[in-house]
Amino acid sequence: MRTILVTGGAGFIGSAVVRHIISNTQDRAVVVDKLTYAGNLNSLTPVSDSERFTFEQVDICDRAALDSVFTRYQPDVVMHLAAESHVDRSIDGPAAFIETNIVGTYTLLEAARQYWNALEAEKKSAFRFHHISTDEVFGDLHGTDDFFTETTPYAPSSPYSASKAGSDHLVRAWLRTYGLPTLVTNCSNNYGPYHFPEKLIPLMILNALSGKPLPVYGNGQQIRDWLYVEDHARALYLVATEGKCGETYNIGGHNEQKNLDVVMTLCDLLEELVPQKPAGVAHYRDLVTFVTDRPGHDLRYAIDASKIERELGWRPAETFESGLRKTVQWYLNNEAWWKQVLDGSYQGERLGLKG
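Scoring rules and cut-offs
Residues numbered from 1 in each chain as written. Predicted model: local features only at pLDDT ≥ 70, side-chain atom pairs only at ≥ 80, totals over all residues. Heavy atoms only, no water. Helix = DSSP H or I, 4+ residues; strand = E, 2+ residues; numbered from the N terminus. Rg over C-alpha atoms; globule rule 2.2 N^0.38 Å. Buried < 20%, exposed > 50% of the residue type's maximum accessible area, 1.4 Å probe, protein only. Disulfide = S-S within 2.5 Å. Pairing = 2+ DSSP bridges. Axes fitted to C-alpha atoms, helices over the stretch in contact; angles between N-to-C directions. Contact = heavy atoms within 4.5 Å. Salt bridge = Lys/Arg side-chain N within 4 Å of Asp/Glu carboxyl O.

If you look the protein chain up in an unreviewed UniProt entry, it shows as dTDP-glucose 4,6-dehydratase from Siccibacter colletis.

Enquirer: Quick rundown of the overall build of the protein chain? Include the residues and the values.
Expert: Each helix and strand counted, the protein chain has 12 helices and 12 strands in total. For 355 residues, the compact-globule estimate of 2.2 N^0.38 gives 20 Å, and the C-alpha radius of gyration of the protein chain, at 20 Å, lies within 12% of that figure. Taking the principal axes of the C-alpha coordinates as reference, the protein chain spans close to 65 × 45 × 40 Å. Classification of the 355 residues of the protein chain by burial places 56% in the buried group.

Enquirer: Residue-level account of the state of the cysteines, with values.
Expert: Tallying each qualifying case throughout the model produces zero disulfides. Unpaired in this structure, Cys245 has its nearest cysteine sulfur neighbour in Cys187, at a distance of 20 Å.

Enquirer: An account of the sheet that holds strand E5 (residues 128-134) is requested, with residue identities and associated values reported.
Expert: As summarised here, the arrangement of the seven strands in space is E3-E2-E1-E4-E5-E6-E10, forming an open sheet in which the pairing is parallel. Both edges of this open sheet fall to strand E3 (53-57) and strand E10 (248-251), since each of them pairs with a single strand only. Looking at each pair of strands side by side, their axes are set apart by 20° on average, direction ignored. As paired elements, strand E4 (residues 77-80) and E5 share four bridges and run parallel to each other. Bridge pairing links Val78 to Phe129 in E5. Packing against the sheet, helix H1 (residues 12-24) makes contact with strand E1 (3-7), strand E2 (28-33), E3 and E4, and its axis sits at approximately 165° to E2. On top of the sheet, helix H8 (residues 229-242) reaches E1, E4, E5, strand E6 (182-187) and E10; it is set at about 145° to E5, its chief contact.

Enquirer: Which residues make up the sheet that holds strand E7 (residues 189-191), and what values go with them?
Expert: The sheet built from three strands is open, its strands ordered E7-E9-E11 with mixed pairing. Of all the strands in the sheet, just E7 and strand E11 (256-258) have a single pairing partner and so form its edges. Across this sheet, the average inter-strand angle for adjacent strands is 50°, counted without regard to direction. Across three bridges, E7 lies against strand E9 (residues 223-228) in parallel orientation. The residue bridging Asn190 from the neighbouring strand is Leu227, located in E9.

Enquirer: Just give me the short version of the environment of Gly14, but keep the residues and values in it.
Expert: The residue Gly14 is located in helix H1 in this model. On the basis of relative accessible area, Gly14 is assigned to the buried category, the value being 2%. Each C-alpha atom of the pair Gly14 and Val184 lies 15 Å from the other, and the pair is 170 residues apart in sequence. If we skip the residues at most four places from it in the chain, Gly14 touches Val6, Gly8, Gly9 and Leu81.

Enquirer: Can you break down the pattern of salt bridges residue by residue, with the values?
Expert: This structure, assessed with the given rule, holds 18 salt bridges. For Arg234, the salt bridge goes to Asp231, with nearest N and O atoms at 2.8 Å. Of this pair, Arg234 and Asp231 are both found in helix H8, three residues apart, which corresponds to roughly one turn of the helix. The exposure class assigned to Arg234 is partly exposed, which follows from its relative accessible area of 30%. Given the relative accessible area of 3%, Asp231 is considered buried. When salt bridges with common partners are traced through the structure, they connect Asp146, Glu256 and Arg300 into a single cluster.

Here it is, written out as structure tokens:
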């Protein structure tokens, strides 16, 4: 039984990783999360009663608290997912992204390095630090046939992606300089259950159910590669436990879609699954509203995930169609979860949907 320390484990992707660990392995999950607006303990309810689950409310910028966690739990693996991750928020307030994504990653690396240096030889050789990043560090693609690979040069466009690029460089430097056994993964856009409602897919689902406008940036022709979050969680666990230290693995869903097409597909699914529409709405597609484009908006992301398939045998189980249907159905079946997010009761303050 491994002990896996998961930072950001109450977030969207982090909670999927923790649910996977507890439900599908015999390993122990120690969740470290500051519980900012995007951290939601309700996303961990399905596994919170497990004896192999532990939660610690800790800020990754707090070195003393991190040292205490490492000492108490003696992790075999660190999976680092704690991050500020919303591009719009990074444009409005970049300071939090620099603090969490760069300073926080540095602080965690140093805590891990001190802990790792003190381990006995056998446990030291088995330890690994897995840093979870994004395809946005690569900038964007302007052609239709090229893909991001593990060797694509970095060219971040937003404060968010620049801060993640910085954290990636730190992780690789701690491997090169100090020998800390690290791995890096870069993933495409995730979607699925427990997704915070400010992100595109849940925002569109919940706005449509309320009869609110469905805001689409620019002309909606931006292309993203969509990855179902539970497929991503499987891939991350595989990399953390079986990947080769020092390597980078790209994780993608093989599902390139234009933003506008994603929204229209969601509208069509809701026509089928929720034909009883809000008052005044004849068709969900009528709610689509084009808004001023985001500054520095990348045009296209697309991941070449052949390395992880070739070396570790991973491939996504969900198509975009099957994953999107599961996602819509989950939001329809879990109104209590998202209503607590919308009214802020999940963290004691009020939030509102953008749009």
